[in-house]
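Results of the structural survey
Letter by letter, the chains look like this.
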Amino acid sequence: MTAEDVKRILGLQPHPREGGWFVRTYEADEFVPAENFADGRYDGARRTSTAIYYLLEPDTFSEMHLLQSDEMFHHYMGGAVEMLQLFEDGSSEVVLIGTDLEAGQRPQVVVKRGVWQGSRLLKAEGFALLGCTVSPGFEFVDYSTMGREEMVARWPGEAQRIGALTRG
């Protein structure tokens, strides 16, 4: 099966902000009121959960971004994905999402809210099909980016990876 087959079968479309290909597959019917979050991070109620299929190819990447909710990644098929996570304390971690457990890959990875993240294929070949579940549910208004220079200044040890996972 090719990436084009997966896109066609699952109805994937270009992601309008992040890069890669996606389709929303689930939206919970229940909502959490914004006032339930004392930190004021949401501008209104949020679904309890949302989910998407997400596909990466060699010429695509998930740009560095930050969400206001926790996000869980699930690896369904294809190659492994390298994810960079950047933390508020200036530290970072590279996580491998895939099925080769002995090589340190994991088929399920959580990114806690407030952690910067970006991803690309570990090897520039084939594709990876992932699932992403966000709770409380994802809304585009909760998606934040940062300029490359500012990001490199905060995490200089990850300059090369940041450069590969940001635009312009």
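Residues numbered from 1 in each chain as written. Predicted model: local features only at pLDDT ≥ 70, side-chain atom pairs only at ≥ 80, totals over all residues. Heavy atoms only, no water.

1. Description of unusual backbone geometry
- Residue proline 136 follows serine 135 across a cis peptide bond; omega there is -15°.
- In this structure, proline 136 sits in the loop between strand 12 (128-135) and helix 2 (148-154). (Helix = DSSP H or I, 4+ residues; strand = E, 2+ residues; numbered from the N terminus.)

2. Focus on the pattern of salt bridges
- Counting across every chain of the model gives 15 salt bridges.
- Where aspartate 39 meets arginine 41, a salt bridge forms, and the shortest distance between an N and an O atom there is 3.2 Å.
- With a relative accessible area of 44%, aspartate 39 lands in the partly exposed category.
- A salt bridge links glutamate 82 to arginine 161; its shortest N-O distance comes to 3.6 Å. Within this pair, whereas glutamate 82 is found in strand 8 (residues 81-86), its partner arginine 161 is found in helix 3 (residues 159-164), the two being separated by 79 residues in sequence.
- Classification of glutamate 82 as buried rests on a relative accessible area of 11%.
- Looking at arginine 161, the relative accessible area reads 28%, which means it is partly exposed.
- Through salt bridges with shared partners, a single network forms among Glu82, Arg120, Glu158 and Arg161. (Salt bridge = Lys/Arg side-chain N within 4 Å of Asp/Glu carboxyl O. Buried < 20%, exposed > 50% of the residue type's maximum accessible area, 1.4 Å probe, protein only.)

3. Structural notes on the sheet that holds strand 11 (residues 116-121)
- Across the sheet, which stays open at both edges, the four strands sit in the order 6-11-8-9 with antiparallel pairing between neighbours. Bordering the open sheet on either side are strand 6 (62-65) and strand 9 (92-97), each of which pairs with just one other strand. On average, each strand axis in the sheet is inclined to that of its neighbour by 20°, with strand direction left out of account.
- Both strand 8 and strand 9 contribute to a ladder of six bridges, which runs antiparallel. In the sheet register, methionine 83 faces strand 9, and the bridge partner there is valine 95. (Pairing = 2+ DSSP bridges. Axes fitted to C-alpha atoms, helices over the stretch in contact; angles between N-to-C directions.)

4. Quick look at the environment of proline 16
- Inspection of the secondary structure assignment puts proline 16 in the loop between strand 1 (13-14) and strand 2 (21-27).
- Residues contacting proline 16, with those up to four places away along its chain left out, are Phe22 and Phe140. (Contact = heavy atoms within 4.5 Å.)

5. Observations concerning the pairing of strand 11
- Counted residue by residue, strand 11 has five buried out of six residues, so it is predominantly covered.
- Sheet topology note: the strand 6/strand 11 ladder contains two bridges and is antiparallel. Following the sheet pairing, serine 62 is matched in strand 11 by serine 119.
- As judged from the six bridges shared by strand 8 and strand 11, these two strands associate in the antiparallel manner. Opposite valine 81, over in strand 11, you have leucine 121 as the bridge partner.

6. Focus: the pairing of strand 10 (residues 108-111)
- Burial of strand 10 is one-sided: the residues Val109 and Val111 facing one way are buried, the residues Gln108 and Val110 facing the other way are not.
- Sheet analysis places strand 7 (residues 70-78) next to strand 10, joined by four bridges and oriented antiparallel. Note that in strand 10 the partner of histidine 74 across the bridge is glutamine 108.

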